[in-house]
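Summary of structural features
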Amino acid sequence: KESDAVKILNHSKVIGDVMAGATSSISFSGDSVNPETQTKLAPAELTALPGIHIPASAKPLTSVLSPSQASVDSKGNVKFTNASATLPAGTYQTAGERTLKESDVQTNGEVNLFVNGSLTVTKSLLLGQEPSLPQTDFYPANLKVFITPQDEEDRVLIEKGSMLAGVLYAPGVPVYLK
């Protein structure tokens, strides 16, 4: 089933681990680099990945963005194009398509981002940061992105030239590292 797939394509590299449910597939193509570990959980360990619950305290992502940082269309889709933004520590939610193109989005402390829809990152940085560390370092534990599908077309696409330094949890959504 395509919605349970993790596909690592072409010049992509995962630093860390890839984990998928018992009925999922993990595949590599081109000259992609295998992660340190690949784990397919046995049915006895986990029959389904836990669902995502959006906390009632989650604020709209658009509440912390200025028009110069991102555009929002009539459907609520947020697009970062040639932009730079720092998300303050907090919990945010957003729906629809999230697109980062040639942009740099960082956190200023711990950020939990709940996306109901798709995420596309093209030639961009999406980085967890820790204010006490130098700006050139990143702290992946400070960015957690949770993706739930709105429809069967939703997916996560992280394209060549991009970096996500954080935790990405997307049960039921295909993930492509291209």
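Look up: the structure comes first, before these words.
Here is a short report on the structure shown in this document. Predicted model, so just to flag it, every value in this text is computed and none were measured. (Residues numbered from 1 in each chain as written. Predicted model: local features only at pLDDT ≥ 70, side-chain atom pairs only at ≥ 80, totals over all residues. Heavy atoms only, no water.)

1. Some points on the nonpolar core
- Within the largest apolar cluster, 26 residues are counted, with the highest numbers of intra-cluster contacts made by Leu 65, Phe 80, Leu 119, Ile 147 and Val 156.
- At six residues, strand E9 (residues 104-122) tops the list of elements feeding residues into this core.
- Discounting chain neighbours no more than four positions away, the residues touching Val 156 are Leu 119, Ile 147, Leu 168, Ala 170, Val 173, Pro 174, Val 175 and Tyr 176. (Core = buried A, V, L, I, M, F, W, Y, C linked by side-chain atoms within 4.5 Å. Buried < 20%, exposed > 50% of the residue type's maximum accessible area, 1.4 Å probe, protein only. Helix = DSSP H or I, 4+ residues; strand = E, 2+ residues; numbered from the N terminus. Contact = heavy atoms within 4.5 Å.)

2. As for the pairing of E9
- Of all 19 residues in E9, 15 are buried, a share of seventy percent or more.
- By the bridge criterion, 17 bridges tie strand E8 (residues 84-101) to E9 in an arrangement that is parallel. Across the sheet, the residue bridging to Gly 90 is Val 111, located in E9.
- Bridge count for E9 against strand E10 (residues 125-127) is three bridges, and the pairing is parallel. Looking across to E10, one finds that Val 105 is bridged to Leu 126.
- Where E9 lies against strand E12 (residues 156-158), three bridges are found, and the strand directions are parallel. Its bridge partner lying in E12, Thr 120 is registered against Leu 157. (Pairing = 2+ DSSP bridges.)

3. Remarks on the environment of Ser 66
- Within the fold, Ser 66 resides in the loop between strand E5 (59-60) and strand E6 (71-72).
- Taking the C-alpha atoms as reference points, Ser 66 and Ala 85, 19 residues apart in sequence, are found 8.8 Å from one another.

4. Here we look at the pattern of salt bridges
- The tally for this structure, following the rule as stated, stands at two salt bridges.
- Note that Arg 155 is salt-bridged to Glu 97, the shortest N-O span being 3.6 Å. In this pair, Arg 155 sits in the loop between strand E11 (143-148) and E12 while Glu 97 sits in strand E8, placing the two residues 58 residues apart along the sequence.
- Using a relative accessible area of 24% as the deciding quantity, one classes Arg 155 as partly exposed.
- A salt bridge links Glu 110 to Lys 144, with the shortest nitrogen-to-oxygen separation between them at 3.5 Å. Of this pair, Glu 110 sits in strand E9 while Lys 144 sits in strand E11, and the two are 34 residues apart along the sequence.
- The exposure class of Lys 144 is partly exposed, given its relative accessible area of 23%. (Salt bridge = Lys/Arg side-chain N within 4 Å of Asp/Glu carboxyl O.)

Everything listed here is a matter of coordinates, which is why it stays silent on function.
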